[in-house]
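Analysis of the macromolecular model
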Amino acid sequence: MIDQRRADGSLRHLITLEGVRRDEVEALLGRAQHYARALARGSAYNRVLEGVQVATLFAEPSTRTRVSFELAGRRLGAQVLNLELQLSSRVKGESMLDTVYTLQALYFDVLVIRDAEAGVLAHVAAHVAPQVSVLSAGEAHLSHPTQGLLDALTVREHKGAIDQLAIAIVGDIRHSRVARSAYQVFRLLQARELRIVGPPGLLPESEEFPGCARFETLEAGLEGVDVVMMLRIQKERFAATRVPDAAEYFARYGLTPARLARARPDAIVLHPQPMNRGIEIASEVADGPQSVIRAQVSNGVAVRMAVLETVAGRLAQ
Amino acid sequence: MIDQRRADGSLRHLITLEGVRRDEVEALLGRAQHYARALARGSAYNRVLEGVQVATLFAEPSTRTRVSFELAGRRLGAQVLNLELQLSSRVKGESMLDTVYTLQALYFDVLVIRDAEAGVLAHVAAHVAPQVSVLSAGEAHLSHPTQGLLDALTVREHKGAIDQLAIAIVGDIRHSRVARSAYQVFRLLQARELRIVGPPGLLPESEEFPGCARFETLEAGLEGVDVVMMLRIQKERFAATRVPDAAEYFARYGLTPARLARARPDAIVLHPQPMNRGIEIASEVADGPQSVIRAQVSNGVAVRMAVLETVAGRLAQ
Amino acid sequence: MIDQRRADGSLRHLITLEGVRRDEVEALLGRAQHYARALARGSAYNRVLEGVQVATLFAEPSTRTRVSFELAGRRLGAQVLNLELQLSSRVKGESMLDTVYTLQALYFDVLVIRDAEAGVLAHVAAHVAPQVSVLSAGEAHLSHPTQGLLDALTVREHKGAIDQLAIAIVGDIRHSRVARSAYQVFRLLQARELRIVGPPGLLPESEEFPGCARFETLEAGLEGVDVVMMLRIQKERFAATRVPDAAEYFARYGLTPARLARARPDAIVLHPQPMNRGIEIASEVADGPQSVIRAQVSNGVAVRMAVLETVAGRLAQ
């Protein structure tokens, strides 16, 4: 397991939610809640990260996660540079570390990295100087910790204490870093019941997601839940589901109002976006009264403010 | 017609100059004039837009209009993010709105959009939350309101009151958003005479540009005018002009010193840039004493400062 | 020779180190040393360039030099915009100048330009308005003055007075702007001995690098030197070296621990990066105790802070 802490026990990196303690998650969610409210009031600005240099390393510059981190950093007074480079697309090993050492020598304090290759972030974190923090913005199919936190924040905001809730994660669980981070945070917060729901070919190996009930149809999987977390399906996954096309996928696994009616009447629906409307989710649901999808986006900024502030060790009063 | 105002009557969006009142244009030009002078003195900085988040949505990041908006926003203390995404290149309808709702949920206050597709900006403006403003940075062949304003500012600065002037807009009128916005602003400011001048195939439909005299040769069209507004010609338009190539186009429709001599001796020449030198304009004219082309660029920053400040409702004292 | 000074004798541009006086270089290195120490302490922030607009014009956005300039400018309070356009890739002559005049009309104060074409920077400098400074971030094979300064700063920091040192520049001298700027600065600072070392086909014409001893093997060239400045080799240069591939190049010309042992035991090794490990340099050397390669990167930020501050004429106290 990656050690994400400093010698004094404080959180230095956030590469995965694995190994993060419940009190740490609670503290992050508390700060994020504070910022979420300030954002809604239009007053979420301070200078606690003045002088802090943040680099974002993404292959594509305009993803919502990258922009969310940039906005979060700027609202705290940090300087954020978008480097548009992907570490694992480079020659492996030393050459990747040369890039990392260069970023460190340029006096970046925080590296926000999205990478398609498992293990790159831990490798970077293991090599950077003690004053540098590494934050994951999505790693392979493994981990997307700030997404997990924003999902938890959104659920808590709309449904109250997590330990009272039955939560279903639905769709392409197998390939989803969103599902894995959500699972970790909801398990840590002791959700009453956790389910994974999806076509047989897209459910994970049996040893993964311990403690989750598994369902192969939405009809069964959504029965009585408080929270429906939809995932994005990639078209290249249809083969694994033995459905020929998007229309058929929607017919069998799309979240329609009828299927959502199996959940509790006050259940909420999440989606990490971008949505494939008419494929994994019906527009009536995406835009309906039970959807909290836009709230997730706003909470993403708040969560990233909390995470940046925390790893930089500069909590605002 | 798009409603660009808030309930209290103040300007919220600037998508088109159509429907903007004369007193509103005069107020914008007045503020822009103030900023133009401050820019020239090197003192055009304030913090009136502190905490305001501006997103620019352009397909290409380095156009002069995008940079001009960014510089304008920064000089007022706003934070400007370049998102390098084009709304209409995305799947239509709800998917485009998902992007817009995401930007809104990220707490952007102002969206500056350039789009090749007519109607996209109005569609966005009709759906964003009340606190978000939409500014056009060029829409299809229809509208480029800040360009129209900077043209008006430049003309007024060099020639005084617009209602005393004869103005010729010259070139590919049919496909030009610059021409349409110029026409709207000069008509609103009651130019003494407005002409459109161009090859027959590039003049607009007869019902467009009401009140403009039409000329098919520069020789006739420039006779006695105070202002010559040149447009950029795209090479793919030559076919419509029945000229085989750039050299021939220049021979027939290029603005040469000889043709410019038909205008008043103190006439000024504008061009929105980038210029095709030796095609629609001779370098002697572009760089000559009657050219105010570089002043247009500087006035563009000033106009965009005025527009940003106005839609944000935070006029500096 | 390009005149890089204002009428009052102060440095306005930095396009080449040719013609820069020793006292000017010493002053720049002194300021850079000050900033290098402040960076290491985490306190290299001031507002001396508040209100100064810097544009970087690079073809690619994420080079380390561009990022280094941006970080340097931001630490001094300047606003830095990355324009991602390359002047010489545009139509030559007037069209390039249109771009330059536009940047000037947008009120940019400093243009930081990397260009593959010799002469573009001097051409720009000759045409911009008096208030605009032009800084080279690398010009063809000719010049990379801030790299030369950061090399000098790094050497002085680790080895003391340059005039006591024997310095070998090693590799593809012929095509290297890094070599030429290093040569100029070390010559100006009166290095005790300057050598150029490389495969015969990659040594420069005999009239270049006057005063340098020439060596065709590393074994001879490194004998007794205090400083080894490695250069990056491009694979397309192998032909000129009459070696068939990277492995063979490394076997004959790579800097190995054995070859480095010919230098003085306390010799230092520099490399401008990115490194081709296993081609021009062995990893044991690159990461070894004599390597100061990471210090070069940090010194690059410090040097660019000093240069920006100096050409803007706003020295912090």
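No experiment lies behind these values; they were computed from the predicted model shown. (Residues numbered from 1 in each chain as written. Chains lettered and ligands numbered in written order. Predicted model: local features only at pLDDT ≥ 70, side-chain atom pairs only at ≥ 80, totals over all residues. Heavy atoms only, no water.)

Notes on the relation of the copies chain A and chain B
Put simply, the test is: For this overlay, a least-squares fit was computed on C-alpha atoms, restricted to residues scoring pLDDT of at least 70 in both copies. The contact criterion used throughout is that any non-hydrogen atoms of two residues lie within 4.5 Å.
Expressed as a screw transformation, the operator carrying chain A onto chain B has a rotation angle of 120 degrees and an axial translation of 0.0 Å, and the superposed copies differ by an RMSD of 0.0 Å. The two molecules are tied by a three-fold rotation axis, judged by turn and shift. Take the interface residues of chain A: only 4% of them recur as interface residues in chain B, which is what a contact between different surfaces looks like.

Regarding the interface of chain A and chain C
What counts is decided by this rule: Accessible area, probed at 1.4 Å, shrinks when two parts are joined; the buried area is that loss added up over both. Any Lys or Arg side-chain nitrogen found within 4 Å of a carboxyl oxygen on Asp or Glu counts as a salt bridge. Whenever two N or O atoms come within 3.5 Å, that pair is a polar contact, provided that in protein one can donate a hydrogen and the other can accept it, and provided that, for residues adjacent in sequence, both atoms are side-chain atoms. Only runs of H or I of at least four residues qualify as helices and only runs of E of at least two qualify as strands under DSSP, and these elements are numbered from the N terminus.
Contact residues are listed per partner, giving 17 residues for chain A and 23 residues for chain C. With both chains or domains summed, chain A and chain C bury close to 1900 Å², and 53% of this area falls on carbon and sulfur atoms. Applying the counting criterion to the chain A and chain C interface returns 1 salt bridge. Among the ionic pairs, Asp98 of chain A bridges to Arg277 of chain C, the shortest N-O distance being 2.6 Å. In this structure, the connection of chain A to chain C is made through 6 residue pairs in polar contact (both at pLDDT 80 or more). Mapped by element, the contributors of at least two residues to the side of chain A that touches chain C are β2 (79-82) and α3 (94-105) of chain A.

Side note on the interface of chain A and chain B
Applied cut-off: Ten residue types, Ala, Val, Leu, Ile, Met, Phe, Trp, Tyr, Cys and Pro, are classed as nonpolar, four, Asp, Glu, Lys and Arg, as charged, and the remainder, Gly among them, as polar.
Of the residues lining the interface, 23 residues belong to chain A; the matching set on chain B comes to 17 residues. Both faces combined, the contact of chain A with chain B buries some 1900 Å², and carbon together with sulfur accounts for 53% of it. It is Leu71, Arg74 and Arg294 of chain A in chain A that bury the most area against chain B; as a group they hold 28% of the surface buried on that side. At the junction of chain A and chain B, the tally comes to 6 residue pairs in polar contact (both at pLDDT 80 or more). Element by element, the count of residues in the side of chain A that touches chain B is highest for helix α2 (residues 64-75) of chain A, at 7 residues. Looking at side-chain class alone, the side of chain A that touches chain B contains 10 nonpolar, 5 polar and 8 charged residues.

Description of the environment of Glu309 of chain B
Residues and elements named next belong to chain B. This is how the line gets drawn: Between buried and exposed lies partly exposed: a residue is buried under 20% and exposed over 50% of the maximum accessible area for its type, with that area taken using a 1.4 Å probe on protein chains only.
Following the sequence through the fold, Glu309 ends up in helix α12 (residues 293-311). The exposure class assigned to Glu309 is buried, which follows from its relative accessible area of 0%. C-alpha separation for the pair Glu309 and Leu49, spaced 260 residues apart in sequence, amounts to 7.1 Å. Of the polar contacts made by the side chain of Glu309, one reaches the side chain of Arg31; its length is 2.8 Å.

Remarks on the domain arrangement of chain A
A common way to express how large an interface is: the accessible area buried when the components associate. Residues and elements named next belong to chain A. Spelled out, the test is: For each domain, the first and last residues come from an automatic or database assignment.
Domains assigned within chain A are domain 1 (22-143 + 297-311) and domain 2 (146-295). Inter-centroid distance (C-alpha atoms) of domain 1 to domain 2 is 26 Å. On the domain 2 side, the residues contacting the 27 residues of domain 1 number 25 residues. Across the domain 1 to domain 2 interface the summed buried area is about 2100 Å²; carbon plus sulfur atoms make up 53%. Summed over the three residues of domain 1 that lose the most area to domain 2, namely Arg22, Leu29 and Asn299, the buried surface amounts to 28% of that side. The interface formed by domain 1 and domain 2 contains 1 salt bridge. Glu26 is the partner of Arg156 in a salt bridge, and the nearest nitrogen-oxygen pair spans 3.0 Å. Applying the counting criterion to the domain 1 and domain 2 interface returns 14 residue pairs in polar contact (both at pLDDT 80 or more).

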